[in-house]
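Examination of the molecular architecture
Each chain, written out:
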Amino acid sequence: KMVFSYLDDTARKNLHHYEYKGSDNSYTYKYLLSPLATFLVNFLPTSIAPNFLSLIGHICCLGIYAITLYECGVTMPCRIP
């Protein structure tokens, strides 16, 4: 038996019955994010790990930030269109 247990015996026995039921009814999810995700799932090979896709997204964000810092500097004297 575990020394530090957050769940009692009944909760541990019923844990395998838990099912996440989340929903997002926003227009952004319905018309932009869901079709984009469906396209990417069908386009990308299944051998690519989801964590790798997240890493690529973070690298893209950092790249845009680096380009902005390079072009405008830390004080942001330029106007970004």
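Residues numbered from 1 in each chain as written. Predicted model: local features only at pLDDT ≥ 70, side-chain atom pairs only at ≥ 80, totals over all residues. Heavy atoms only, no water.

1. Details of the overall build of the protein chain
Along the backbone of the protein chain there are 3 helices and 0 strands. Listing the helices and strands of the protein chain from first to last along the sequence gives α-α-α. Against the globule reference of 12 Å for 81 residues, the protein chain gives a C-alpha radius of gyration of 22 Å, more extended than a compact globule. Taken along the three principal axes of its C-alpha coordinates, the protein chain extends 60 × 35 × 30 Å. Across the 81 residues of the protein chain, 1% fall into the buried class. Total accessible area on the protein chain is roughly 8,100 Å²; 65% of this is exposed by carbon and sulfur atoms. Between the centroid of the 6 positive side chains of the protein chain and the centroid of its 5 negative side chains there is a distance of 4 Å. (Helix = DSSP H or I, 4+ residues; strand = E, 2+ residues; numbered from the N terminus. Rg over C-alpha atoms; globule rule 2.2 N^0.38 Å. Buried < 20%, exposed > 50% of the residue type's maximum accessible area, 1.4 Å probe, protein only. Areas by Shrake-Rupley, 256 points an atom, 1.4 Å probe, with all protein chains shown as cover. Lys, Arg positive; Asp, Glu negative; His and termini not counted. Charge placed at Lys NZ, Arg CZ, Asp CG, Glu CD.)

2. Regarding the packing of aromatic side chains
Geometry of an aromatic ring pair is reported as the spacing of the ring centres plus the angle between the planes. Counted under the stated rule, the structure contains 2 aromatic pairs. Between the aromatic rings of Tyr 27 and Tyr 31, the centroid separation amounts to 6.1 Å while the plane-to-plane angle is 15 degrees, which identifies the pairing as stacked. A residue pair is termed a helical-turn pair when its members lie 3 or 4 positions apart in one helix, as Tyr 27 and Tyr 31 do in helix 2 (residues 27–43) at 4 residues. The exposure class of Tyr 27 is exposed, given its relative accessible area of 65%. (Phe/Tyr/Trp six-rings, centres within 6.5 Å; stacked < 30°, edge-to-face > 60°.)

3. As for a nonpolar patch on the surface
Taken together, the side chains of Tyr 6, Leu 7, Leu 15, Tyr 18 and Tyr 20 make up a nonpolar region of the molecular surface, amounting to roughly 720 Å² of accessible area. Its place among the elements puts Tyr 18 in the loop between helix 1 (9–14) and helix 2. Residue Tyr 18 is classed as exposed on the basis of its relative accessible area, which comes to 60%. (Patch = residues over 30% accessible without salt bridge, like charges linked within 9 Å, V, L, I, M, F, W, Y side chains within 5 Å. Salt bridge = Lys/Arg side-chain N within 4 Å of Asp/Glu carboxyl O.)

4. Comments concerning the pattern of salt bridges
The final tally for this structure, using the stated rule, is 1 salt bridge. Taking the shortest distance from any N to any O, the salt bridge between Arg 12 and Asp 9 comes out at 3.1 Å. Linking Arg 12 with Asp 9, this pair stays in helix 1, spanning 3 residues, or about one helical turn. Owing to a relative accessible area of 41%, Asp 9 belongs among the partly exposed residues under this scheme.

5. Examining the confidence of the model for the protein chain
On average, residues of the protein chain score 85 in pLDDT, and 91% of them are at 70 or above. For the protein chain, helix 1 is the element with the lowest average pLDDT, namely 85, and helix 3 (residues 50–72) is the one with the highest, namely 91. (pLDDT = per-residue confidence, 0-100.)

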